[in-house]
Amino acid sequence: MARRAAVPAGPLGDDFSFVSPVAKYLLFFFNLLFWMISMVMVAVGVYARLLKHAEAAMACLAVDPAILLIVVGVLTFLITFCGCVGSLRENICLLQMFSVCLTIIFLLQLAAGVLGFVFSDKARGKVSEIINGAIVHYRDDLDLQNLIDFGQKEFSCCGGVSYKDWSQNMYFNCTATNPSRERCSVPFSCCLHDADQAVINTMCGHGMQARGYLEASAFIHTNGCIDKLVNWTHSNLFLLGGITLGLALPQLVGIILARLLINQIRDQIKLQLYNQQHRADPWS
């Protein structure tokens, strides 16, 4: 049954409004906060992009963190702009766009989580594909290089499945025809480091792909990052659940506030139409 505003017995004062100032300004400041965050994201992404050489920028668009930051920032900017202006101007059209966009994003995140859980093998294959692509473009993008080094050091791993995956990179390729000085090597982030070591030897991974697992394990991490990542995910399900809930709650709050404000604005429009009709025909 459709929701209907209660029709008053007589015309209410012009100062009366169904629109709650609390809901209106709470939604406005909620969107204003994320609007400013989105501008910072876009600024950081553009700045990081401009610092790169054109060749490196075109080499790995699919895995460039700066591009991802810009895209997410622009989408967030547009959605929160609709929420800000829509709540401040009490514009039903903008509030509807804001509510629908948030609902779609929320449902896509929910679907991605369910599909990732149900089709975990395919999700693992996709992660493996992304990691292998990142290995290929390791030297092409400084941001990507720093991200891979950080991941390998944090998870104490090397490559996707094993350290020999680094042969996919043209600089670390282990074929005899590779003229690179890094032939058969792995990045320094694969190396075992002594806690007391003050200076990092960036050449510690030299020639490690030419060694067997047991021999190489004395100098570098030989296990791949995919298994390490899967094990970390299984061990931190509560943490990941908390992060997911933390991302979902603001979206749900925004959707609820937007729907509440839309209904209040519609009630206010009905009241204004009723008052106009009553003043025009007091005997009706």
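What counts and how
Residues numbered from 1 in each chain as written. Predicted model: local features only at pLDDT ≥ 70, side-chain atom pairs only at ≥ 80, totals over all residues. Heavy atoms only, no water. Phe/Tyr/Trp six-rings, centres within 6.5 Å; stacked < 30°, edge-to-face > 60°. Disulfide = S-S within 2.5 Å. Helix = DSSP H or I, 4+ residues; strand = E, 2+ residues; numbered from the N terminus. Patch = residues over 30% accessible without salt bridge, like charges linked within 9 Å, V, L, I, M, F, W, Y side chains within 5 Å. Areas by Shrake-Rupley, 256 points an atom, 1.4 Å probe, with all protein chains shown as cover. Salt bridge = Lys/Arg side-chain N within 4 Å of Asp/Glu carboxyl O. UniProt positions renumbered as here; feature names shortened; annotations may be inferred. 1 Å grid on protein atoms, 1.4 Å probe; cavity = no way out; pocket = protein on both sides within 12 Å on 5 of 7 lines; lining within 4 Å. Points joined across faces, edges and corners; volume = space filled by probe spheres on them. Nonpolar A, V, L, I, M, F, W, Y, C, P; charged D, E, K, R; others polar. Buried < 20%, exposed > 50% of the residue type's maximum accessible area, 1.4 Å probe, protein only.

K.L.:
I'd like a description of the packing of aromatic side chains, backed by residues and values.
P.N.:
One pair of aromatic rings is described through two measures. These are the centre distance and the angle between the planes. Applying the stated rule across the entire model yields 10 aromatic pairs. The structure contains a cluster of three or more aromatic residues connected by ring pairs, namely Trp35, Phe77 and Phe81.

K.L.:
So what's going on with the state of the cysteines? Residues and values would help.
P.N.:
What the rule picks out here adds up to 4 disulfides. Linked covalently through their sulfurs, Cys158 and Cys190 form a disulfide whose S-S length is 2.1 Å. The disulfide joining Cys158 to Cys190 has a torsion of about 80 degrees about its S-S bond and is therefore right-handed. Note that Cys158 is positioned in the loop between helix H6 (142–155) and helix H7 (213–216) and Cys190 in the loop between H6 and H7, a separation of 32 residues in sequence.

K.L.:
For a nonpolar patch on the surface, give the residues involved together with the corresponding values.
P.N.:
A contiguous nonpolar patch, built from Leu107, Leu110, Val114, Leu115, Phe117, Val118 and Phe119 and spanning about 720 Å² of accessible area, is present on the exposed surface. Mapping Val118 onto the fold places it in helix H4 (residues 92–118).

K.L.:
Describe the UniProt feature "transmembrane region" (unreviewed entry) in the chain, and please don't skip the residues or the numbers.
P.N.:
Under the feature "transmembrane region" (unreviewed entry), the UniProt entry names residues 25–48, 60–88, 94–119 and 237–262. Across residues 25–48, the secondary structure splits into 100% helix and 0% strand, with the terminal C-alpha atoms separated by 34 Å. End C-alpha to end C-alpha, residues 94–119 measures 37 Å, and it is 96% helix and 0% strand.

K.L.:
How would you summarise the layout of surface pockets if you had to cite specific residues and measurements?
P.N.:
Of the voids in this model, the largest pocket is the one considered here, and its volume is about 2,000 Å³. Val127, Leu229, Trp232, Thr233 and Leu240 are, among the 48 residues lining the largest pocket, the residues nearest its centre. Of all the secondary structure elements, the ones that give two or more residues to the lining of the largest pocket are helix H3 (65–89), H4, helix H5 (120–136), H6, helix H8 (225–235) and helix H9 (237–280). When residues in the lining of the largest pocket are grouped by element, the largest group, 9 residues, is from H5. The residue inventory of the lining of the largest pocket, partitioned by class, reads 34 nonpolar, 11 polar and 3 charged. For the second largest pocket, the calculated volume is near 530 Å³. Around the second largest pocket, the lining is made up of 18 residues, and of these Thr76, Leu102, Ile105, Gln109 and Gln251 lie nearest the centre. Secondary-structure elements contributing two or more residues to the lining of the second largest pocket are helix H1 (21–50), H3, H4 and H9. Split by residue class, the lining of the second largest pocket holds 12 nonpolar, 6 polar and no charged.

K.L.:
With reference to specific residues and values, describe unusual backbone geometry.
P.N.:
Unusually for a residue other than glycine, Ser156 sits at a positive phi of about 50 degrees. By the element assignment, Ser156 lies in the loop between H6 and H7. Here Ser156 falls in the partly exposed class, since its relative accessible area comes to 28%. Within the chain, Cys184 stands out as a residue other than glycine whose phi angle is a positive 65 degrees. Within the element layout of this structure, Cys184 appears in the loop between H6 and H7.

K.L.:
Now, about the pattern of salt bridges: what can you tell me, with residues and values included?
P.N.:
Considering all chains together, one arrives at 4 salt bridges under this definition. Measuring nitrogen to oxygen at the nearest pair gives 2.4 Å for the salt bridge that ties Arg139 to Glu182. Remark: Glu182 occurs in the loop between H6 and H7 and Arg139 occurs in the loop between H5 and H6; sequence separation between them is 43 residues. Residues Arg211 and Glu215 are paired through a salt bridge, measuring 3.9 Å at the closest nitrogen-oxygen approach.

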